[in-house]
Amino acid sequence: MNGKNALAAGVAAALALGSVTMVATQSTAAPRPTAADGSSVAQPGAGFKAMTADARGEAIRTAGRNAAATARELGLGPDERLVAKDVLIDADGARHVRYDRTYRGLPVIGGDLVVHLAGNGTITGSDLAHQGAIRVAGTTPKLTAADASAKAVKHARHVKKAKTGSKDSSTLVVYAVGKIPVLAYRSTVTGEGETGPTSRQAVIVDATSGAALDQYELHQSVTGTGNGVTVGQVSIETTQTSSGYTLTDAAHGGTIIYDSYNSSQSNPKQNARAFSKTTNSWGNGTSSSRESAAVDASYGLAKTWDYYKNSFNRSGIRNDGRGAPAYVHVDTGLLNAFYDDDCFCMFFGDGSSQNSNTPVTTLDVAAHEMSHGVTAATANLTYSGESGGLNEATSDIFGTMVEFSANNTGDPGDYYIGEKLNMSGGYMRRMDNPAADGNSLSCWTSSAGSVDVHYSSGIGNHFFYLAAEGTGTKTIGGRSHTGTTCNNDTFSGIGKDKAAAVWYRALSTYMTSTTNYAGARTATLQAAADLYGANSQERYLVSKAWAAVSVGTALPDPGTGTPTPSPSTPTPSPTTPPSGNALTNGSFEQGTSGWNQSDSIITNSSLQAARDGSWYAWMMGYGADAVESLSQSNVAVPSTGAPKLTFWLKVSTQESGSTAYDTFKVNVNGTTLATYSNADASSGYVQKTVDLSAYKGQTVKLEFAGTEDTYLSTVFLLDGIAIG
């Protein structure tokens, strides 16, 4: 951390605690305790507390919620976002939060950092791979991805006969390993190298000039060719050994596929051996080769890993980067697959005469089983009653989403579960119309908790389909879907990606082991509010989808709202009132409702304090060139009396003197009516008043605009806004 940013962290800490002493060093982490002789005190477990999966998950979620505020304190730029990656907790309660960085949505190579916090949550220091804010001239590359791949092949040093394949497409990134960040492409090339004939190398090229910025070998992971029973011919990740290849996927946490050799369900590992051979071509597309089912499983688990990583930044089942081993050919005549959290592994049967002995390794089934592991690592929904139905529904939901994400022409995405298993009815379950199988529930009833969890899952599946796709008949993935409801309602969906995001956030942040369907409704509504706003159409349509499966009632439509009752004896106005609305959510206690913000300005972060309640607006504080805006349109200024705008403002700064370096302006219809600056610094909130007489009876746009210069930070906290 440079001296300016170290000071910024110190000032922020001082604002929270009253005083703090900061020493700017390369690492600003607080020093560890020392023994009397000056030597470092030994800490068991490297000084870290042991954490359960649930505790670690909650710590990471907390870090994610604080990411925007943390970025401000570190002096990062307005286009940067922090993505929480890991949390370690010391024995004394101090925390070390590791983040990855993005810039305008692009991954930042070399942007990772660790933030150190005391037990009370105060930032005590940080270590950044790249010091300070990220800035690049723009995010529109001069080179295309194909151009970058061609450049990467020419630049590759660690492999011979370099080439790029369809799965090695170049990805746009910000490369911040050097002093000055640049827009770049990260490409993967394949050729002859130290790890064999299919060695892989990463090459970073400048997105403008095509110059090589960096390159390094990617050891262990090898791309093989597989022919699965249900997925067809696909590329799979394998590992090369001294004697050949194994079905070990180093690119996805070291996932290993084992042949159980028909060991019983009670001891499926008994005869198991890892798949290995001298060539890197696997299976023949039929059950006559034991490798074919293994290809299905390997492919399905890799695609599931990729979906969670790309969609939710989740690295494996437990978000720890470890792959779970999988066993195929379990038992004899087993028409089942299952996940076992005790051994952190998955098992797949070969099917039975009921499905023409088709291995139970289809894409959506593999994703279904891996998703059971994700549920175990997050909400840990009890596998009985309504929570058990939610557990099964979660796996069906994400199994379906993986199928869409994989985009495999041989198994296109749809809302049927197990449609490739050759079941007599053509599928195992349907999400659009669960009751069509004769057993599953499409609508909630008071007896849902006593139904087999595979059947009560239909309620959650039906909800998800309706939330994603809405009502009506349509063809998806070549199959007919009927979006029927339990209340004869009709509505549109929010799209499967948004619906999945709502479900994942609800699962990982709000659901617990005993959540039932009513609790799931509450959790998803909160998740939708988090993601899209309390008054968003997304949240409203989520409520409509729950009502459509007989869980709760729909919220009022935010597009029309609910009429405010008129007073019984209205007082006539002497003049025609303005056509706009009164100022909305001036206390911010409804989150972002009513406001337009250029960045994540409205917050309930504990790193600063609201004047009243828990929500407030936090503007500026970057310690670098930045501008921000918070506005509300169609605001009605009273037509009588002496209308005025009042608000509470707290200014904290590193600047000194009376010169205005960083400013906070109040604009009405683009005209600046008041300006405050670092020179107005105060120890607490101060009420400000702005005369609006010139706008009496008009409908206006109210804007708060912040500007910060390149040196030293100023924080403007805003709360309690009113017009009267």
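Below: a short report on this structure. Just so it is clear, the structure is predicted and the values come from calculations on it, not from any experiment.

The number of helices and strands found in the chain is eleven helices and 35 strands. In the chain, which comprises 724 residues, the proportion classed as buried is 51%. Only carbon and sulfur atoms are counted for the fraction: they give 49% of the accessible area of the chain, which is about 30,200 Å².

So, about the packing of aromatic side chains. The tally for this structure, following the rule as stated, stands at 26 aromatic pairs. Judged by centre distance (5.2 Å) and plane angle (25°), the ring pair of Tyr-327 and Phe-347 falls under stacked. Note that Tyr-327 is positioned in strand β19 (residues 326-330) and Phe-347 in strand β21 (residues 345-349), a separation of 20 residues in sequence. For Phe-347, a relative accessible area of 2% translates into the label buried. Judged by centre distance (5.3 Å) and plane angle (55°), the ring pair of Phe-404 and Tyr-415 falls under tilted. Here the residue Phe-404 occupies a position in helix α7 (residues 385-406), and Tyr-415 occupies one in the loop between α7 and β22 (416-417), the gap between them amounting to eleven residues. This pair shows no difference in class: Phe-404 is buried, exactly as Tyr-415 is. Following the ring pairs from residue to residue traces out a cluster consisting of Tyr-307, Tyr-308, Phe-312, Phe-398 and Tyr-504. Over the ring of Tyr-261 we find Arg-273, and its NZ or CZ is 4.2 Å from the ring centre. In this structure, Lys-496 packs its charged tip against the face of Phe-404, placed 4.8 Å from the ring centre.

So, on to the nonpolar core. Across soluble globular proteins, nonpolar side chains have a tendency to be buried as a group. Ile-257, Met-346, Phe-398, Phe-463, Phe-464, Met-511 and Trp-546 are the most contacted members of the largest nonpolar core, which totals 81 residues. It is helix α5 (residues 290-312) that contributes the most residues to this core, nine residues altogether. Excluding anything up to four places from it in sequence, Phe-463 contacts Trp-503, Thr-524, Val-542, Ala-545, Trp-546 and Val-549. Val-637, Leu-702, Phe-704 and Leu-718 belong to the second-largest nonpolar core, a separate cluster that totals 31 residues.

Residues other than glycine seldom take positive phi values, yet Asn-262 does so here, at roughly 60°. Tracing the backbone shows Asn-262 in the loop between β15 (255-259) and β16 (273-274). For Asn-488, which is not a glycine, the phi torsion comes out positive at approximately 65°. For Asn-488, the position within the fold is in the loop between β25 (479-483) and α9 (496-510).

Attention shifts here to the pattern of salt bridges. Counted according to the given criterion, the structure contains 17 salt bridges. Here Arg-101 and Glu-80 are joined by a salt bridge, their closest N and O atoms 2.7 Å apart. Of this pair, Arg-101 sits in strand β2 (residues 95-103) while Glu-80 sits in strand β1 (residues 80-89); the two residues are 21 residues apart in sequence, bridging distant segments of the chain. We classify Glu-80 as buried; its relative accessible area is 3%. For Arg-429, the salt bridge is made with Glu-392, and the minimal N-O distance between the two is 3.8 Å. With Arg-429 in strand β23 (residues 429-430) and Glu-392 in helix α7, the pair connects residues that are 37 residues apart, well separated along the chain.

This part covers the side chain of Asp-259. Relative to the helices and strands, Asp-259 resides in strand β15. Judged by relative accessible area, Asp-259 falls into the buried class, the value being 2%. Only 2.7 Å separates the side chain of Asp-259 from the side chain of Arg-290, close enough to count as a polar contact. Sequence-distant contacts of Asp-259, that is, excluding residues within four places in its chain, are made with Asn-271, Ala-272, Arg-273, Phe-275, Arg-290, Val-328 and His-329.

Judged by pairing direction, the sheet is antiparallel, and its five strands sit side by side in the order β26-β29-β34-β31-β32 without closing on themselves. For this open sheet the edge positions go to β26 (596-597) and β32 (671-677), each flanked by a neighbour on one side alone. Summarising the sheet, strand β31 (residues 663-668) and strand β34 (residues 699-708) pair through six bridges and their orientation is antiparallel. When the sheet's bridge partners are listed, Val-668 is paired in β34 with Leu-702.

Backbone hydrogen bonds hold the strands of a sheet together, and the pairing may be parallel or antiparallel. As summarised here, the arrangement of the five strands in space is β27-β28-β35-β30-β33, forming an open sheet in which the pairing is antiparallel. Because the sheet does not close on itself, it has two edges, and the strands there are β27 (602-603) and β33 (686-691). Where β27 meets strand β28 (residues 616-620), two bridges bridge the pair, whose relative direction is antiparallel. Bridge pairing in β28 links Ile-602 to Ala-617.

The next point concerns the side chain of Ser-187. Inspection of the secondary structure assignment puts Ser-187 in strand β8 (residues 182-193). Separated by 2.4 Å, the side chains of Ser-187 and Ser-170 make a polar contact.

Once that is clear, we can look at the state of the cysteines. Applying the stated rule across the entire model yields two disulfides. Each sulfur in the disulfide pair Cys-343 and Cys-345 lies 1.7 Å from the other. One quick way to see it: the torsion about the S-S bond of Cys-343 and Cys-345 is about -85°, and its sign makes the bridge left-handed. Judged by its relative accessible area of 22%, Cys-343 falls in the partly exposed class. Disulfide partner of Cys-443: Cys-486, at an S-S distance of 1.8 Å. Note on the Cys-443 and Cys-486 pair: the S-S dihedral is about -95°, so by sign convention the disulfide is left-handed. A residue pair is termed long-range when its members are at least 10 positions apart, and Cys-443 in the loop between β23 and α8 (453-469) and Cys-486 in the loop between β25 and α9 qualify at 43 residues. Residue Cys-443 is classed as partly exposed on the basis of its relative accessible area, which comes to 26%. What makes Cys-486 partly exposed here is its relative accessible area of 26%. Should the bonded cysteines of the chain be numbered as they appear in the sequence, the pairing reads 1-2, 3-4.

Cut-off values and rules
- Residues numbered from 1 in each chain as written.
- Predicted model: local features only at pLDDT ≥ 70, side-chain atom pairs only at ≥ 80, totals over all residues.
- Heavy atoms only, no water.
- Helix = DSSP H or I, 4+ residues; strand = E, 2+ residues; numbered from the N terminus.
- Buried < 20%, exposed > 50% of the residue type's maximum accessible area, 1.4 Å probe, protein only.
- Areas by Shrake-Rupley, 256 points an atom, 1.4 Å probe, with all protein chains shown as cover.
- Phe/Tyr/Trp six-rings, centres within 6.5 Å; stacked < 30°, edge-to-face > 60°.
- Lys NZ or Arg CZ within 6 Å of the ring centre and 35° of its normal.
- Core = buried A, V, L, I, M, F, W, Y, C linked by side-chain atoms within 4.5 Å.
- Contact = heavy atoms within 4.5 Å.
- Salt bridge = Lys/Arg side-chain N within 4 Å of Asp/Glu carboxyl O.
- Polar contact = N/O pair within 3.5 Å; in protein donor to acceptor, adjacent residues only side chain to side chain.
- Pairing = 2+ DSSP bridges.
- Disulfide = S-S within 2.5 Å.

By themselves, these observations are geometric and do not establish any function.
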